[in-house]
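Observations on the three-dimensional arrangement
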Amino acid sequence: MCGIVGYIGSRTAYPILIKGLQRLEYRGYDSAGIALLDNNNVNVYKCKGKVRDLEQLTNGNPIGGTIGIGHTRWATHGIPNDVNAHPHTSMNGKFVVVHNGIIENFAHLRNELISRGYSFKSETDTEVLACLIENIYTSTNVSAETAVRIALTKVVGAYGLVVICTTEPNKLIAARKGSPLVIGMGHGEYFIASDATPIVEYTDQMVYLNDGEIAILTNDNLNITNLNDERKDPNVTTVDINIDNIDKGDYEHYMLKEIHEQPISLSDTFRGRINPDLKQINLGGITEVLPRISNAKRIIIVACGTSYHAGLVGEYLFEEYARIPVEVEYASEFRYRNPIINAGDVIIAISQSGETADTLAAIRMAKEQGALILGICNVAGSSIPRETHAGIYTHAGPEIGVASTKAFTAQVMVLTMMAFLIGKKRNIISTEKYEEMISNMLKVPQSIEALMKNEAHIREIAHLYKDATNAIYLGRGYLYPVALEGALKLKEISYIHAEGYPAAEMKHGPIALIDQNMPVFVLATKDKYYEKIVNNIQEVKARRGQVIAIVSEGDETIRKMADHVIEVPNIDEALMPLIAVVPLQIISYYVAVMRGCNVDQPRNLAKSVTVE
Ligand code: F6R
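Here is what the cut-offs are and how they apply
- Residues numbered from 1 in each chain as written.
- Predicted model: local features only at pLDDT ≥ 70, side-chain atom pairs only at ≥ 80, totals over all residues.
- Heavy atoms only, no water.
- Helix = DSSP H or I, 4+ residues; strand = E, 2+ residues; numbered from the N terminus.
- Buried < 20%, exposed > 50% of the residue type's maximum accessible area, 1.4 Å probe, protein only.
- Contact = heavy atoms within 4.5 Å.
- Areas by Shrake-Rupley, 256 points an atom, 1.4 Å probe, with all protein chains shown as cover.
- Lys, Arg positive; Asp, Glu negative; His and termini not counted.
- Charge placed at Lys NZ, Arg CZ, Asp CG, Glu CD.
- Salt bridge = Lys/Arg side-chain N within 4 Å of Asp/Glu carboxyl O.
- Pairing = 2+ DSSP bridges.
- Axes fitted to C-alpha atoms, helices over the stretch in contact; angles between N-to-C directions.
- Near = heavy atom within 4 Å.
- Polar contact = N/O pair within 3.5 Å; in protein donor to acceptor, adjacent residues only side chain to side chain.
- Core = buried A, V, L, I, M, F, W, Y, C linked by side-chain atoms within 4.5 Å.
- Phe/Tyr/Trp six-rings, centres within 6.5 Å; stacked < 30°, edge-to-face > 60°.
- Disulfide = S-S within 2.5 Å.
- Right-handed = clockwise from strand over helix to strand, strands pointing away.
- Arc of directions from axis to C-beta.

1. Some thoughts on the overall build of the protein
Counting its secondary structure elements, the protein contains 20 helices and 25 strands. With the C-alpha coordinates of the protein rotated into their principal frame, the extents come out at 80 × 50 × 40 Å. Burial status across the protein gives 61% buried among its 612 residues. Pairs at least 24 residues apart make up 71% of the contacts formed inside the protein by residues separated by at least 6 positions. Of the roughly 22700 Å² that the protein leaves accessible, carbon and sulfur atoms contribute 47%. Mean positive and mean negative side-chain charge positions of the protein (58 and 70 charges, respectively) differ by 2 Å.

2. A word on the pattern of salt bridges
With the rule as written, the count across this model stands at 29 salt bridges. Note that glutamate 145 and lysine 171 form a salt bridge whose closest N and O atoms lie 2.7 Å from each other. Placement of the pair is glutamate 145 in helix H5 (residues 144-153) and lysine 171 in the loop between strand E7 (157-165) and strand E8 (172-177), with a sequence separation of 26 residues. On the basis of relative accessibility, which here comes to 13%, the residue lysine 171 falls in the buried class. For glutamate 567, the salt bridge is made with arginine 559, and the minimal N-O distance between the two is 2.9 Å. Linked through salt bridges whose partners overlap, the residues forming this network are Lys19, Arg23, Glu201 and Asp247.

3. Quick notes on the sheet that holds strand E6 (residues 95-103)
Reading across the sheet, the seven strands line up as E5-E6-E7-E8-E12-E13-E14 and stay open at both edges, with antiparallel pairing between neighbours. Two strands in the sheet have a free side with no partner beyond their single neighbour: strand E5 (88-89) and strand E14 (231-232). Two strands pair when backbone bridges link them, and E8 and strand E12 (residues 213-218) are joined in this way by five bridges, in the antiparallel orientation. Looking at E12, one finds that arginine 176 is bridged to glutamate 213. Each of E5, E6 and E7 is contacted by helix H4 (residues 125-140), which is oriented at about 130° to E6, the strand it contacts most.

4. Focus on the site of the ligand
Every one of the 15 residues lining the ligand counts as a neighbour, but Ser307, Ser351, Ser353, Thr356 and Glu492 are closest to it. Take serine 404: an N or O atom from its main chain is 2.8 Å from an oxygen atom of the ligand. At a separation of 2.9 Å, an oxygen atom of the ligand approaches a polar side-chain atom of lysine 489. Mapped onto the shell around the ligand, the elements with two or more residues apiece are helix H9 (305-322) and helix H17 (480-494).

5. Thoughts on the nonpolar core
In this structure, Ile281, Ile286, Phe318, Ile348, Leu374 and Met418 are the most contacted members of the largest nonpolar core, which totals 96 residues. Core analysis: the second largest hydrophobic core is formed by 31 residues, Tyr26, Ile34, Val51 and Phe191 among them.

6. Examining the packing of aromatic side chains
What characterises a pair of aromatic rings is the spacing of the ring centres plus the angle enclosed by the ring planes. Inspection of every chain in the model, using the stated rule, returns nine aromatic pairs. Centroid distance tyrosine 321 to phenylalanine 420: 4.9 Å. Interplanar angle 85°. Geometry classified as edge-to-face. Of this pair, tyrosine 321 sits in helix H9 while phenylalanine 420 is found in helix H13 (residues 406-425), placing the two residues 99 residues apart along the sequence. Between the aromatic rings of tyrosine 465 and phenylalanine 521, the centroid separation amounts to 6.5 Å while the plane-to-plane angle is 70°, which identifies the pairing as edge-to-face. One end of the pair, tyrosine 465, is in the loop between helix H16 (455-464) and strand E21 (470-475); the other, phenylalanine 521, is in strand E23 (residues 519-524), and 56 residues separate them in sequence. For the pair formed by tyrosine 465 and phenylalanine 521, the shared burial category is buried. By way of ring pairs, the aromatic residues Tyr7, Phe191 and Tyr202 are connected into one cluster.

7. Things to note about the sheet that holds E21
Spatially, E22-E21-E23-E24-E25 is the arrangement adopted by the five strands of the open sheet, whose pairing is parallel. The sheet is open, and its two edges are formed by strand E22 (497-502) and strand E25 (564-568), each paired on a single side. On average, adjacent strands in this sheet sit at an angle of 20° to one another, irrespective of strand direction. Where strand E24 (residues 546-552) meets E25, five bridges bridge the pair, whose relative direction is parallel. By the bridge assignment for E25, isoleucine 548 is matched with histidine 564.

8. Let's talk about the state of the cysteines
Counted according to the given criterion, the structure contains zero disulfides. A disulfide-free cysteine, cysteine 165 has its sulfur positioned 13 Å from the sulfur of cysteine 131, the nearest such atom.

9. So, the pairing of strand E18 (residues 345-351)
Within E18, seven of the seven residues are buried, which leaves it mostly tucked inside the rest of the structure. Here E18 shows a buried face lined by Asp345, Ile347, Ala349 and Ser351 and a second buried face lined by Val346, Ile348 and Ile350. Two elements, strand E16 (residues 298-303) and E18, share five bridges in a ladder whose sense is parallel. Paired with valine 302 across the strands is alanine 349, a residue of E18. Across six bridges, E18 lies against strand E19 (residues 372-377) in parallel orientation. Each bridged residue has a counterpart across the sheet, and for isoleucine 347 the counterpart in E19 is isoleucine 373. A crossover connection joins E18 to the parallel E19 through helix H11 (residues 357-368); in handedness this β-α-β unit is right-handed.

10. So, the side chain of glutamate 189
Relative to the assigned elements, glutamate 189 resides in the loop between strand E9 (182-185) and strand E10 (190-193). Apart from residues no more than four positions distant in its own chain, glutamate 189 is found in contact with Tyr7, Ile8, Gly9, Arg11, Gly184 and Asn219.

11. A few points about H5
Counting buried positions over the ten residues of H5 gives seven, a clear majority of the element. Residues Ala144, Glu145, Ala147, Val148, Arg149, Ala151 and Leu152 constitute the buried set of H5. If you follow the buried residues of H5, they end up packed against E6, H4, E7, E8, E12 and strand E13 (221-226).

12. Observations concerning helix H15 (residues 444-452)
Taken together, the buried positions of H15 are occupied by Val444, Pro445, Ser447, Ile448, Leu451 and Met452. For H15, the angular spread of the buried residues around the axis is 160°, confining them to a single face.

13. Let's talk about the environment of serine 588
Mapped onto the secondary structure, serine 588 falls in helix H20 (residues 576-594). Beyond its immediate stretch of four places on either side in the chain, serine 588 contacts Gly486, Lys489, Leu490 and Ile493.

14. A few points about unusual backbone geometry
Most peptide bonds take the trans form, and the phi angle of most residues other than glycine is negative. Here the residue pair histidine 86 and proline 87 is connected by a cis peptide bond, since its omega of 0° sits within 30 degrees of zero. Among the structural elements, proline 87 can be located in the loop between strand E4 (67-73) and E5. With a phi close to 60°, asparagine 141 is a non-glycine residue in the positive phi region. Structurally, the position occupied by asparagine 141 is in the loop between H4 and H5. One non-glycine residue with positive phi stands out, namely histidine 395, at about 55°. Looking at the element boundaries, histidine 395 is found in the loop between strand E20 (390-393) and H13.

And the structure:
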């Protein structure tokens with residue numbers, strides 16, 4: 001949520017900042033801005049809209065300077081407009097700030113500053129912070145970094161921020177609590193950003209700031225301290241992100257690219273984790289805690305959005321194959337409802353970004369109560385993996401489209417490997433079954449490739465339903481979470497109201513919605529629920545609903561009753577979520593494109609939800 005970028009060194013900062021903001025735009029895209037420090041002058045440009053609007057604004061204006069900061073915004077305080085856009089300058093122009101997060105006590109701080117003669121141009125909490133720093137700086141005669149430090153002790157809330165002081169112009173001051181910041185280590189230069197993507201083309205040597213740390217960056221020095229001004233040694237890590245993975249390539253949208261990447265991203269998820277003889281799963285990240293997981297009394301999965309849906313698939317997998325009771329919780333509810341957490345419980349946090357504020361808070365709370373905390377995350381070095389006891393990276397590669405696609409299948413694949421591994425360790429599944437499931441798992445990428453050959457047919461179906469105003473998604477068993485995910489994909493990028501239900505629940509209310517205008521997507525592959533879901537299709541047809549069924553290859557029964565069928569390759573039902581979700585992703589993508597929606601940056605959303 002909100003993207004921050006900064007540069008200090010000897011290159012011209014402007015192109016680095018603009019490119020960095022383009023890479024971060026998925027984090028928020030309602031306004032953008034930069035501040036450039038050029039010969040002790042600060043030029044601030046900011047506007048409502050996208051980074052390309054910012055580029056137009058700077059056209060013909062001075063854009064020199066080798067120090068600068070930039071921001072792409074997802075509004076929290078104040079509507080998206082030019083004034084509320086970041087960077088924010090303090091009233092007397094001494095400080096310029098970009099900020100990601102929420103200052104919860106901003107109203108109180110604002111009133112205090114007003115009583116000291118301050119006035120404000122914007123409605124934002126960030127302008128309050130800039131003025132607070134300035135007020136401390138001018139009234140106490142301390143250094144800029146000390147003023148920032150003192151200001152942050154008065155702040156309640158979350159922040160990732162970068163500050164320029166116009167009277168101490170040779171440094172950037174950055175601080176983090178709750179909102180991520182990564183520093184790229186160049187030679188005679190430093191980069192800073194909300195994630196590694198704007199930095200990777202300059203350096204792979206990075207330092208992830210920890211909560212409560214303040215970094216002072218000059219051309220040739222990085223100094224990190226905590227809020228008590230105690231020095232911290234920077235922990236430099238080598239980040240392995242391929243620059244090609246963060247470009248769209250020949251695709252029109254990141255989402256389509258990421259849908260198509262799934263055969264490869266899934267192969268990456270199990271690369272090195274299946275023994276060459278195909279008889280054993282190795283999950284290095286949890287090896288040490290495997291005995292504790294195998295003896296767990298209960299597994300609690302916490303996540304949000306699409307990751308929550310992956311967690312629901314995990315519930316079916318763990319209960320069936322490992323026979324451990326599982327609860328799946330929305331992190332936002334779990335963290336606040338005083339849940340009962342027992343010794344012997346294992347908490348699994350699932351998060352693509354590794355930064356989701358509610359998921360992070362949920363694991364912190366459970367950790368305090370003594371539970372073993374595991375993470376299933378995609379972004380290496382992000383906050384959740386750094387706070388868990390152990391975990392497994394999904395290795396899906398950077399996911400830039402706001403709608404999650406390849407991260408979902410990678411999360412489900414990790415959960416599948418975990419469930420089989422633990423089931424084997426607990427002697428719930430036989431060696432034969434274990435090996436059979438391993439070889440089935442390895443067939444998933446080619447099955448997805450095969451079904452993608454039907455993309456033109458799926459697109460035609462999308463065309464038929466592009467003007468729908470509502471849609472229902474039905475599934476049972478392993479495919480019920482996929483129904484939820486299909487509905488989420490459609491609503492978030494095409495703004496069509498869509499709901500997913502367990503198919504049998506239809507009779508308990510939703511069936512009242514069905515008429516000839518209602519598209520009903522039914523996940524009806526050949527599994528143990530097949531006969532039952534066929535009955536559900538009949539019930540929809542009896543009320544003249546439009547049925548689009550995802551069926552197993554060669555299914556003639558449903559073909560005769562549904563309006564449209566999309567065939568997917570046959571596979572064990574426990575693995576079907578990985579395959580059946582793909583046509584739903586493709587339909588959502590094309591419906592949204594045909595409706596003229598901004599697929600990669602849907603309205604009101606942001607990729608990384610770092611505020612609760
Ligand atoms: C939907 C989507 C969101 C995220 C949710 C959790 O397509 O992307 O629902 O799944 O915000 O995000 P992570 O997985 O980063 O914790």
